[in-house]
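Listed below are the residues making up each chain.
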Amino acid sequence: MAQKITIDPITRIEGHLKIEVEVEDGKVKEAYSTAAMARGFEQLLIGKDPRDAQIVTQRICGVCPASHGLAAAQNLDKAFEAKVPDNARIIRNLIVGSNYVMSHILHFYHLAALDYLDVMAIAKYTGKDPRLLAVKDKIVGLVEAEDTYPLTPRYDPDEFSVDDPEIVTTAVAHYLEALEKRKKAQEMLTIFGGKMPCYCTLVPGGVTIHPTPDMIAAFKYHLMDLIDFVNNVYLADVLAFGTGPLLPIHQLKVGAGVGNFLSFGMFDLGVSGDYKNRFLKSGVIMDGKLEEVGEFDPTKIEEAVKYSWYTEDCGGLHPTEGKTEYDLDKEGAYSFAKAPRYDGKPVEVNTLARMLITQDKGFMDLVNKIGAHPSAVARHAARAWECKMVAEAMLDWLDELVDNLKAGNTDICDDKPVPEKGKGIGMVEAPRGCLLHCVQIEGKKIKRYQVIAATNWNVCPRDDKGQRGPIEEALVGTPVPDPNNPINVVRVVRSFDP
Amino acid sequence: MESIFKGLSRRDFLKYCASIAAMLGLSEIYIPQIAAALEEATKGKPPVIWMQGQSCAGCTISFINSREPTPPELVLDILSVRFHPNVMAAAGDVALSAIETTMKKAKDKYVYIFEGALPTAEEGRFCEIGETSAVDWVKKVAKDAHAVIAVGTCASFGGIPGANQAVTGATGVEDVLGTPVVKIPGCPAHPDWVVGTVVKLLLFGKDAVLAGLDKYGRPKEFYGTLIHDNCPRRHWFEAGKFVEDFNDPEQANYCLLLKGCKGPFTYADCPKRKWNSGTNFCIDANAPCQGCTQPEFYAKFSPLYEKLPEIGIPGIAGYEVSADTVAKVLGIVTAAGIGLHLVGQIATGRLGKGGPPERGEE
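Residues numbered from 1 in each chain as written. Chains lettered and ligands numbered in written order. Predicted model: local features only at pLDDT ≥ 70, side-chain atom pairs only at ≥ 80, totals over all residues. Heavy atoms only, no water.

1. Here we look at the overall build of chain A
Thought 1: A count of helices and strands for chain A gives 14 helices and 12 strands.
Thought 2: Computed over C-alpha atoms, the radius of gyration of chain A comes to 22 Å, within 12% of the 23 Å expected from 2.2 N^0.38 for 498 residues, which places it in the range of a compact globule.
Thought 3: Along the first, second and third principal axes, the C-alpha set of chain A runs to 65 × 55 × 45 Å.
Thought 4: Long-range pairs, those at least 24 residues apart, make up 73% of the contacts in chain A with a sequence separation of at least 6.
Thought 5: A total of about 16200 Å² of accessible surface is found on chain A, and carbon and sulfur atoms cover 51% of it.
Thought 6: One way to put it: in chain A the 57 positive side-chain charges average out to a point 2 Å from where the 71 negative ones average out. (Helix = DSSP H or I, 4+ residues; strand = E, 2+ residues; numbered from the N terminus. Rg over C-alpha atoms; globule rule 2.2 N^0.38 Å. Contact = heavy atoms within 4.5 Å. Areas by Shrake-Rupley, 256 points an atom, 1.4 Å probe, with all protein chains shown as cover. Lys, Arg positive; Asp, Glu negative; His and termini not counted. Charge placed at Lys NZ, Arg CZ, Asp CG, Glu CD.)

Take a look at the structure:
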């Protein structure tokens, strides 16, 4: 008989998430994902000045406000019929690119790594590296003081946990170093963004900040340091773990998922908001056919609500016609997330989707080396590779900005008044996947505002056809040999960077 | 005396104490005292339970942007973080058990930090942790806490979720508890404000912290001055030069009042402290202050890019003058093409309200 396990809260993510699984014969047989919190951004924006949206919606997620701001701004650019100057397009790319670097470093080291490391193995470190000995001293000091919070309590290490003292001590040293590097990535962002989390220089039509040579120099100085860390520490760690101790989990296909992938594409190269001309490509992969990348069609998006706490008439709508009205007593419902579907199917969105769709050669070679199939481990590898790609691309964007300024193009904003009426849609990629904002303006006020956050695609519940959401599907089959220690479940959930 | 700040040399430790002194606005002569008190206070690291309601985790991300002390020092050396949804190793029941254990073993000793608003509608079902509402958690965990600190504008006053009060009933922690709590608003809260307040609590005790709060429950060290009074663009306000088109490089450093700047209504030390290790802050980035440390943020400060007609300007004039009046006068004067600088001076109260100043005073 199946045993029910509830994990609530899922920690080390942004937001409130509950996961319920039914385990039979040491494996997950059924899974339910519950988004356990709602604030109602879509309702609170109704009647507000449209220019507020790119500020307010950044507060949907404190880890990726950069992306929410951009989705809102691109959505408003369209509604205002503003022509975003090239400088603004590049500055927006630099801001969101900085946050990609921050978010990926944070996710691997601070949100995910503790699932794979047996931190207490550090006590057995016998090497002579002074830096690692300092880490050992710190951890041993905590143990001696009988206060090892927040590293304990925790789930027990298992067969997939890494307990080699040298590797673990190095990884924890990198964990500490990464805290400083992610902070540096935020400081780099604020050179053009003003402040983080939640930057302030984004407005419909462009940005408020006039780039100067000293800003560009400071940005480049930070960026060079981060590229060094990303290539030589982060990517190196992920490669070492992925092709070493974590290879068996990958080969077992733990956390494989629905096999459908969607990307809106990210980092505009030509006209701002044109998803067909982006550094990371837009596209779809369906039914596990990884070599067949199809064209993305925005009209094929729909949101189901059968198992969500919303009234029935909120279901089956494209977000441009979307509605948000709660029904907390709805029978069978178990989540505040609606269930977004593409062409009627659940799709995985995140870095793995973008890398498979962009088909960057370096990444595809890496995937082929460890086995070309999705898994929890593959998601971590994709993130590290993308982090390198984006960080290095930012150098080119800086050069483009310099060339623009040298050529006398100083425009940063098509600063337009609020239109009487208008409609817009903004589709970008947050670090964790497809992010859509759309607005309808009437009488200079917001009449309708709808968001499909990146995490919604992945954490969503079942739809009207009973199809599981991507995280739910990825959990089915996950090994749980000990029901009291469902560590593989959280590994799979966190690999989505929810 | 050996530093208990593991991995920190004595010199670095004293440098850190100096930064604490500066943060709290104390003279350097207090550095040895701070060092001694800090070492004493952190012999047993104070237990912290940090929970989140209707939050975006932005205040946590901001907290780990702390320059000094660094995030590892904060999380491993200075505080004993018993529960934190974004940093703790545990999940599920294992995580929740850390709250129960702390409440029992460190009764009246733990600091309870709450981030995010509290939805009071529908019996709190808009935010649940471990199938218990955030509202019930707050009532339960605050009861035996040494001190309760609301971090961020959501936990302090309802913040952005509070703009949807009619639906989720989002409000601040104090409203739910019915007793005063220390508030560190900001969207997000600046890491120095949070760290500084916690350090003050460790150094001088709860009563000292409570005694130093303003009428909204904010520590005066950080929220004692108007953004407007320390604004690097204040001279442009007084000269009557305003940003009207973000694209115009000529206007790039002018006053942002007409672009909706809430600096004249907002108490915080951003112009002096700045953000992200002193890199920048909103106004230096040519963006209007959104007033994110105020109870009015967000609903009553909307539209963010419009001057607010209905709210008086506290403090800058010694009497209440509405932003609309200022802007109207400025508008008229602009049209007339005469020295706006005078109007700025009227608005700031330097010239009193006794009619237009003499020409010679210009």
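2. Thoughts on the overall build of chain B
Thought 1: Helices and strands together make up the secondary structure of chain B, namely 16 helices and 9 strands.
Thought 2: The burial tally for chain B puts 62% of its 362 residues in the buried class.
Thought 3: Taking all contacts inside chain B whose residues are at least 6 apart in sequence as the whole, residues at least 24 apart take part in 69%.
Thought 4: Surface exposure of chain B reaches about 13600 Å², of which carbon and sulfur atoms provide 53%. (Buried < 20%, exposed > 50% of the residue type's maximum accessible area, 1.4 Å probe, protein only.)

3. What to know about a negative patch on the surface
Thought 1: Together, Asp 129, Asp 163, Asp 164 and Glu 166 of chain A give the surface a local cluster of negative charge.
Thought 2: With respect to the element layout, Asp 163 of chain A can be found in the loop between helix 5 (130-144) and helix 6 (165-193). (Patch = residues over 30% accessible without salt bridge, like charges linked within 9 Å, V, L, I, M, F, W, Y side chains within 5 Å. Salt bridge = Lys/Arg side-chain N within 4 Å of Asp/Glu carboxyl O.)

4. Some words on the packing of aromatic side chains
Thought 1: Taken as a whole and judged by the stated rule, the model has 27 aromatic pairs over all chains.
Thought 2: Aromatic ring contacts, followed pair by pair, group Trp 309, Tyr 310, Tyr 326 and Phe 336 of chain A together with Phe 126 of chain B into a single cluster.
Thought 3: Lying across the ring of Tyr 310 of chain A, Lys 338 of chain A places its NZ or CZ 5.4 Å from the centre. (Phe/Tyr/Trp six-rings, centres within 6.5 Å; stacked < 30°, edge-to-face > 60°. Lys NZ or Arg CZ within 6 Å of the ring centre and 35° of its normal.)

5. A short note on the interface of chain A and chain B
Thought 1: Listed by partner, the interface residues are 79 residues for chain A and 81 residues for chain B.
Thought 2: For the pair chain A and chain B, the two sides together bury roughly 6700 Å², of which 59% comes from carbon and sulfur.
Thought 3: Here chain A is connected to chain B by 5 salt bridges.
Thought 4: Glu 306 of chain B is paired through a salt bridge with Arg 51 of chain A; the nearest N and O atoms lie 2.6 Å apart.
Thought 5: Inspection of the chain A/chain B interface yields 48 residue pairs in polar contact (both at pLDDT 80 or more).
Thought 6: Split into classes, the residues belonging to the side of chain A that touches chain B amount to 40 nonpolar, 15 polar and 24 charged. (Buried area = accessible area lost by both parts, 1.4 Å probe. Polar contact = N/O pair within 3.5 Å; in protein donor to acceptor, adjacent residues only side chain to side chain. Nonpolar A, V, L, I, M, F, W, Y, C, P; charged D, E, K, R; others polar.)

6. Let's talk about empty space enclosed by the protein
Residues and elements named next belong to chain A.
Thought 1: Within the structure shown, the criterion is met by 13 cavities of 30 Å³ or more.
Thought 2: Its boundaries defined by the atoms lining it, the largest cavity holds a volume of some 680 Å³.
Thought 3: Along the wall of the largest cavity there are 34 residues; nearest its centre are Met 37, Arg 39, Ile 60, Ala 453 and Asn 456.
Thought 4: Within the residue set of the lining of the largest cavity, elements represented by two or more residues are helix 1 (41-44) and helix 12 (454-459).
Thought 5: For the lining of the largest cavity, the element with the most residues is helix 12, which contributes 4 residues.
Thought 6: The volume enclosed by the second largest cavity comes to roughly 360 Å³. (1 Å grid on protein atoms, 1.4 Å probe; cavity = no way out; pocket = protein on both sides within 12 Å on 5 of 7 lines; lining within 4 Å. Points joined across faces, edges and corners; volume = space filled by probe spheres on them.)

7. Some remarks on the nonpolar core
Thought 1: Ranked by internal contacts, the top residues of the largest apolar core, which has 232 residues, are Phe 192, Tyr 234, Phe 363 and Leu 475 of chain A.
Thought 2: Sort the elements by how many residues they give to this core and helix 11 (residues 376-406) of chain A lands first, with 16 residues.
Thought 3: By size, the runner-up hydrophobic cluster in this structure holds 32 residues, among which are Met 37 of chain A together with Met 88, Ala 106 and Ala 142 of chain B. (Core = buried A, V, L, I, M, F, W, Y, C linked by side-chain atoms within 4.5 Å.)

8. A word on the sheet that holds strand 10 (residues 421-430) of chain A
Residue and element names in this part refer to chain A.
Thought 1: Here we have 3 strands laid out as an open sheet, ordered 10-11-12, and antiparallel in their pairing. Among the strands making up the open sheet, the edge pair consists of strand 10 and strand 12 (445-452). Looking at each pair of strands side by side, their axes are set apart by 10 degrees on average, direction ignored.
Thought 2: Inspection of the sheet shows strand 11 (residues 433-442) paired to strand 12 by 7 bridges, in the antiparallel sense. Note on strand 12: the bridge partner recorded for Val 439 is Tyr 449. (Pairing = 2+ DSSP bridges. Axes fitted to C-alpha atoms, helices over the stretch in contact; angles between N-to-C directions.)

9. A word on unusual backbone geometry
Thought 1: Here the amide bond leading from Asp 8 of chain A into Pro 9 of chain A is cis, since omega sits at 10 degrees, within 30 degrees of zero.
Thought 2: A cis amide bond links Cys 187 of chain B to the next residue, Pro 188 of chain B, at an omega of 5 degrees.
Thought 3: Even without being a glycine, Phe 267 of chain A presents a positive backbone phi close to 75 degrees.
Thought 4: Judged by relative accessible area, which is 1%, Phe 267 of chain A ranks as buried.
Thought 5: For Ser 277 of chain B, which is not a glycine, the phi torsion comes out positive at approximately 60 degrees.
Thought 6: Tracing the sequence through the fold places Ser 277 of chain B in the loop between helix 14 (270-273) and helix 15 (323-336).

10. Some details on helix 14 (residues 487-495) of chain A
All names here are of chain A.
Thought 1: Among the 9 residues that make up helix 14, 9 are buried, leaving the element largely enclosed by the rest of the structure.
Thought 2: Among the residues of helix 14, Ile 487, Asn 488, Val 489, Val 490, Arg 491, Val 492, Val 493, Arg 494 and Ser 495 are the ones counted as buried.
Thought 3: Looking one or two residues beyond helix 14, the residue adopting positive phi is Asp 497, at roughly 55 degrees.

Just geometry here; none of it tells us what the structure is for.
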